[in-house]
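Breakdown of the fold
If you want the building blocks of each chain, they are given just below.
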Amino acid sequence: MSPLPLDDLRVVELGQLLAGPFCGQLLGDFGAEVIKVEDPAAGDPMRQWGREKPYGKSLWWPVVARNKKSVTCDLRTAEGQDLVRRLVAESDVLLENFRPGTLERWGLAPADLHEINPRLVITRVTGFGQSGPYAPRAGYGSIGEAMGGLRHVTGDPDRPPSRTGISLGDSLAATHACVGTLVALHQRERSGRGQVVDSAIYEAVLAMMESLLPEWQQASYQRERTGPVLPNVSPSNVYPTQDGEEILIAANQDSVFQRLTAAMRAPELAKDPRYATHSSRGEHMAELDEIIAAWTAGRPADELLRTLNDSGVPAGRIYTAKDMFADPHFAAREAIVRVPHPDFGELAMQNVAPRLSDTPGRVRSAGPALGQHNDEVYGGLLGLSAAELAALRSARVI
């Protein structure tokens, strides 16, 4: 097998749930040795999360904990805190998503850890960041989505703010944390020193909000909920078909709109002053959508998609998981992989993204059992004897 690009890095993951662990998943996907430190009593709550639980087991845990090693450690004990100090001495990154002040209360403040390992990158993911008046508050992804502006613009205009069906705020903060970690590791090669990466959920959401801030500052325009469309971006909507399916068409660029009107055999629409430019189409979005919907409703979905794709017009179905398993493009690019699992046999999950041409990441293992790697990490890496391990187990430190 080809080498993995991050296989020279060791990450100690102290976080739980999603905002920190998804960052660890991303690093592990590209080869980092991720040592996940879990509470010995119950482990990460993600072991129990998820709607469907065959055999009483979470189907989310094998994904977010893939490519990781699990060790147990009671971080509230002096012995457990000492184990973390010994781990960071041998590691490149410490990743955590506790409330600010928690590491400091345990005697694991960044200044203390940098005395042990000056090259350590300390990545901290929280709701509101490590500073500011809201820093001490409890902050989940949903709160960050609301504060960062996403919730206000999500949903239909005649209903309260909605949410996406995934934990988007947590995942965005974790993705930004991963980027920050890699940047800090790159800078470490210049300076020889690690630093703190501070990823706040609300700021990660805010970073994705396009021109929302200057629109208000310069034009006093406040974005609102607009349902399935974006304001002044047309045509870009979901349209009906003859056989009851719904197809998304995105033809808002001038040249693409011209291709759409040619496919519709209505090229005059592209010359109509109401629809000739991006701005004019935005002003007349509703009536243009009615014209396109009347055309799509008279054609079966498969025929419609062939016509649009042959014409160079972006269009597609709105996929469910079932559709993904059946799609030839997913299969050709191996977007879904199947990983051996002790309970589920062969477990399907999404593959690693993005793809690297020479050193692509890969899924090497599903999420581990609780404490599965205690002996390997504490005995092998830290050199603890069998007697020392037995004493730690007896004291319920691990």
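Description of the structure in this document. Just so it is clear, the model here is predicted, and its values are computed rather than measured.

1. Quick look at the overall build of the protein chain
Within the protein chain, the regular secondary structure consists of 17 helices and 11 strands. Along the first, second and third principal axes, the C-alpha set of the protein chain runs to 85 × 50 × 40 Å. The buried share among the 398 residues of the protein chain stands at 45%. Restricting to contacts in the protein chain with at least 6 residues of sequence separation, those with at least 24 account for 68%. For the protein chain, the computed accessible surface area is about 20200 Å², with 53% contributed by carbon and sulfur atoms.

2. Some points on the pattern of salt bridges
Considering all chains together, one arrives at 23 salt bridges under this definition. Salt-bridge contacts for Glu33 lead to Lys69; the nearest nitrogen and oxygen are separated by 2.9 Å. Pair noted here: Glu33 is in strand E2 (residues 33-38) and Lys69 is in strand E3 (residues 68-72), with a separation of 36 residues, a long-range link. The partner of Glu245 in a salt bridge is Arg317, with the nearest N and O atoms 2.7 Å apart. Pair noted here: Glu245 is in the loop between strand E7 (236-240) and strand E8 (246-250) and Arg317 is in strand E9 (residues 315-317), with a separation of 72 residues, a long-range link. By relative accessible area, which is 30% here, Glu245 ends up partly exposed. A relative accessible area of 31% means that Arg317 is categorised as partly exposed.

3. Regarding the packing of helix H1 (residues 21-29) against helix H7 (residues 168-191)
The angle between the axes and the distance between the axes are what describe a pair of packed helices. Following both chains from N to C, one finds H1 and H7 inclined at 50°, their axes separated by 8 Å at the closest point. Compared by their axis directions, H1 and H7 come out oblique. The handedness of the crossing between H1 and H7 comes out as right-handed. For the pair formed by H1 and H7, the contact residues are Phe22, Cys23, Leu26 and Leu27 on the first element and Ser171, Ala174, Thr175, Ala177, Cys178, Thr181 and Leu182 on the second.

4. Considering helix H13 (residues 301-310)
Within the sequence span of H13, burial applies to Ala301, Leu304, Leu305 and Leu308. The buried residues of H13 all sit within an arc of 95° when viewed along its axis, so they share a single face. Of the exposed residues in H13, those oriented more than 90 degrees away from the buried face are Arg306 and Asp310. Gly312 occupies a position one or two residues after H13 and carries a positive phi of about 75°.

5. What about the pairing of E7?
Residues Asn237 and Tyr239 of E7 are buried on one face, while the alternating residues Ser236, Val238 and Pro240, pointing to the opposite face, are not. One ladder, built from five bridges, connects E7 with E8; its direction is antiparallel. Residue pairing across strands places Pro240 opposite Glu246, the latter belonging to E8. Taken together, E7 and the strand that follows it, E8, pair antiparallel across an intervening segment of five residues, in which Gly244 is found at a positive phi of about 90°.

6. Quick word on the sheet that holds strand E5 (residues 121-126)
In sheet architecture, strand pairing relies on hydrogen bonds along the backbone and comes in two forms, parallel and antiparallel. Taken in spatial order, the six strands line up as E3-E2-E1-E4-E5-E6 in an open sheet, and their pairing is parallel. The outermost strands of the open sheet, each flanked by one partner alone, are E3 and strand E6 (196-200). Each adjacent strand pair in this sheet contributes to an overall mean axis angle of 20°, direction not counted. Where E5 and E6 come together, five bridges link them in parallel fashion. By the bridge assignment, Thr123 is partnered in E6 with Val197. Strands in contact with H7 are strand E4 (93-96), E5 and E6; relative to E6, the strand with the most contacts, it is inclined by about 160°.

7. Looking at the sheet that holds E9
Strand order in the open sheet formed by three strands is E7-E8-E9, with antiparallel pairing between adjacent strands. Here the strands that pair on one side only, and so sit at the sheet edges, are E7 and E9. Across the sheet, the mean angle from the axis of one strand to that of its neighbour is 30°, orientation sign disregarded. The pairing of E8 with E9 spans three bridges and is classified as antiparallel. Directly across from Ile249, in E9, lies its bridge partner Ala315. Against the sheet, helix H12 (residues 285-296) makes contact with E7 and E8, and its axis sits at roughly 35° relative to E7, the strand it touches most.

8. Here's the deal with the side chain of Arg10
Locating Arg10 in the fold gives a position in strand E1 (residues 10-13). On the accessibility criterion, Arg10 (19% relative accessible area) is buried. One polar contact links Arg10 to Glu33, side chain to side chain, over a distance of 2.8 Å. Within the local environment of Arg10, its side chain forms a polar contact with the backbone oxygen of Glu90, the two atoms lying 2.5 Å apart. Discounting residues that sit within four places of it in the chain, Arg10 has contacts with Glu33, Ile35, Glu90, Ser91, Asp92, Val93 and Leu381.

9. Description of the packing of aromatic side chains
Inspection of the entire model under this criterion finds five aromatic pairs. Pairing Trp49 with Trp60 gives two aromatic rings, centres 6.3 Å apart and planes at 55°, and the pair type is tilted. Of this pair, Trp49 sits in the loop between E2 and helix H2 (61-64) while Trp60 is found in the loop between E2 and H2, placing the two residues 11 residues apart along the sequence. Using a relative accessible area of 37% as the deciding quantity, one classes Trp49 as partly exposed. Ring geometry for Phe128 versus Tyr202: centroids 6.5 Å apart, planes at 40°, classification tilted. Here Phe128, found in the loop between E5 and helix H6 (141-147), pairs with Tyr202, found in helix H8 (residues 201-206); they are 74 residues apart in sequence, far enough to count as distant. Residue Tyr202 is classed as buried on the basis of its relative accessible area, which comes to 18%.

Rules used in this analysis
- Residue positions within a chain follow its written sequence, with the count starting from 1.
- In keeping with the model being predicted, local features are shown solely for residues with a pLDDT of at least 70 and side-chain atom pairs are shown and tallied solely at 80 or more, while totals for entire chains, interfaces and linings include all residues.
- Computation of side-chain values covers all heavy atoms of the structure but excludes hydrogens and water.
- Going along the chain from the N terminus, every DSSP run of H or I of four or more residues is numbered as a helix, and every run of E of two or more is numbered as a strand.
- The classification of residues rests on relative accessible area computed with a 1.4 Å probe and restricted to protein chains. Under 20% of the type maximum is buried, over 50% is exposed, and intermediate values are partly exposed.
- We call two residues in contact whenever any of their non-hydrogen atoms come within 4.5 Å of each other.
- The method behind every accessible area is Shrake-Rupley, applied with a 1.4 Å probe, and residues are considered shielded solely by the protein chains displayed.
- Any Lys or Arg side-chain nitrogen found within 4 Å of a carboxyl oxygen on Asp or Glu counts as a salt bridge.
- To define axes, lines are fitted to C-alpha atoms, for helices over the stretch in contact only, and angles between the resulting N-to-C directions are given on a 0 to 180 degree scale.
- Each angle gets one of four labels, with under 35 degrees taken as roughly parallel, over 145 as roughly antiparallel, 65 to 115 as roughly perpendicular, and the rest as oblique.
- By definition, turning the near helix anticlockwise from the far helix through less than a right angle yields a left-handed crossing, and turning it clockwise yields a right-handed one.
- The arc in question is formed by the directions pointing from the helix axis toward the C-beta atoms.
- In this description, strands pair whenever DSSP reports at least two bridges between them.
- Throughout this description, a polar contact denotes any pair of N or O atoms lying within 3.5 Å of each other; where both atoms belong to protein, one of them has to be capable of donating a hydrogen while the other can accept it, and for residues adjacent in sequence the pair is counted only when both atoms sit in side chains.
- Each pair of aromatic rings taken from Phe, Tyr and Trp, with Trp reduced to its six-membered ring, is defined by centres within 6.5 Å and is described as stacked if the planes are under 30 degrees apart, edge-to-face if over 60, and tilted in the remaining cases.

Interpretation note: all reported values are geometric properties and have no functional meaning in isolation.
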